[in-house]
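Letter by letter, the chains look like this.
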Amino acid sequence: SDSGSDSEESSLSDSELQEAFARGALKPGLNVVLEERPKRRNDADGLKQCLAEFRQQLSWVERLDVTLGPVADPVSQSASTSDAIDPENDFQREMSFYRQAQAAVLEALPRLRKLQVPTRRPDDYFAEMAKSDQQMQKIRQKLKSKQEAMERSEKAKQLRAMRKYGKKVQVEILQKRQKEKKNMLNAVKKYQKGLSDKLDFLDEEQTSSQGNKKGGANQRTKKGPNAKRRYKNQKFGFGGKKKGSKWNTKESFNDVSSFQSKVAHNKGPGKGGRGGKGGKKALNKRPGKTARQKMKNRAR
């Protein structure tokens, strides 16, 4: 009977809701389910019970826990309290952490030495690397490739800057030449029209051209010939007139200091008389036919 009454109530409530929905009486936000807020409580006994359950009764050397306040400030000779520290002040907050760690070190080191626990790394300590040699080789190659890429990028930047500067200089030189040409043409037009009777622009042009030639000559003199030019100079000479270089001049014709009569008249040593026969040629003269025949007969 109870279950039947509950079903009838639920059906009646559903039918009423349907009728209200059909009339448009139901609007969103009218039916809100309110949940009760959990009550906050401080169960100290329960927390202590949990702490006792997972606490392990180990020696201090296995736990190494030190709970101390900050060490005394050497300036004020007093330990700084938490009330005096402004949590919004970064310097005071970090200094409090530092002094608390310092106090823990001052407390823990003597206890470790008393237990004969080493606190310093030996000089011959060898720690194996966490990464293998293959992994380190890959890292080294990657760093090397990055460095090479950076060097290539830097060289490309320098080349672009040099090209940009060279182009800028070239443009400036062309503009200067165009300006000079324009000024000269204007001066020529003025002279032709009779507006000016000065020809100073011609003198300036000639002076500038001579200056350029002198400058080029000085540069060539300072620089000197290249290796190819030096080789040709050594092989063929240093230029100048070649044809007629052995002709007599007035000075060489009048200079008779090097004249030798014996050489000029074929009377030197080993020379014959006027006929030009004798000397070495006479000694090397071929024997006659009869003499050669006699020599053959003797050889037989």
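Note that the structure is a prediction, hence the values are computed from the model and not measured.

Here we look at the pattern of salt bridges
Throughout the structure, instances matching the rule amount to two salt bridges. Residues Asp65 and Arg63 are paired through a salt bridge, measuring 2.7 Å at the closest nitrogen-oxygen approach. One salt bridge in this structure joins Arg93 and Asp90, with 2.8 Å as the shortest N-O distance. Here the residue Arg93 and the residue Asp90 both occupy positions in helix H4 (residues 90-114), the gap between them amounting to three residues, near one helical turn. Take Asp90: its relative accessible area is 48%, and that puts it in the partly exposed class.

Remarks on the packing of aromatic side chains
For any pair of aromatic rings, the description consists of the separation of the ring centres together with the inter-plane angle of the planes. Summed over all chains, the structure comprises zero aromatic pairs. Here the basic side chain of Arg111 rests over the ring of Trp60, its NZ or CZ set 4.0 Å away from the ring centre.

Some points on a nonpolar patch on the surface
On the surface, Leu17, Phe21 and Leu26 cluster together into a nonpolar patch covering about 310 Å² of accessible area. Here Phe21 lies in helix H1 (residues 2-23).

Remarks on H4
In this model, H4 (25 residues) spans 37 Å end to end at C-alpha, consistent with the 36 Å of a helix rising 1.5 Å per residue. Here H4 has its buried residues at Ser96, Arg99, Ala103, Ala108 and Leu112. Those residues of H4 that are buried lie in contact with helix H3 (60-63) and strand E1 (72-73). A distance of 3.2 Å separates the backbone nitrogen of Phe91 from a side-chain oxygen at the start of H4, and that oxygen is part of Asn89. Count one or two residues on from H4 and you reach Gln116, which has phi positive near 60°.

Conventions adopted
Residues numbered from 1 in each chain as written. Predicted model: local features only at pLDDT ≥ 70, side-chain atom pairs only at ≥ 80, totals over all residues. Heavy atoms only, no water. Salt bridge = Lys/Arg side-chain N within 4 Å of Asp/Glu carboxyl O. Helix = DSSP H or I, 4+ residues; strand = E, 2+ residues; numbered from the N terminus. Buried < 20%, exposed > 50% of the residue type's maximum accessible area, 1.4 Å probe, protein only. Phe/Tyr/Trp six-rings, centres within 6.5 Å; stacked < 30°, edge-to-face > 60°. Lys NZ or Arg CZ within 6 Å of the ring centre and 35° of its normal. Patch = residues over 30% accessible without salt bridge, like charges linked within 9 Å, V, L, I, M, F, W, Y side chains within 5 Å. Areas by Shrake-Rupley, 256 points an atom, 1.4 Å probe, with all protein chains shown as cover. Expected span 1.5 Å × (residues − 1). Contact = heavy atoms within 4.5 Å. Polar contact = N/O pair within 3.5 Å; in protein donor to acceptor, adjacent residues only side chain to side chain.

Take it as geometry only, folks, not as evidence of what the structure does.
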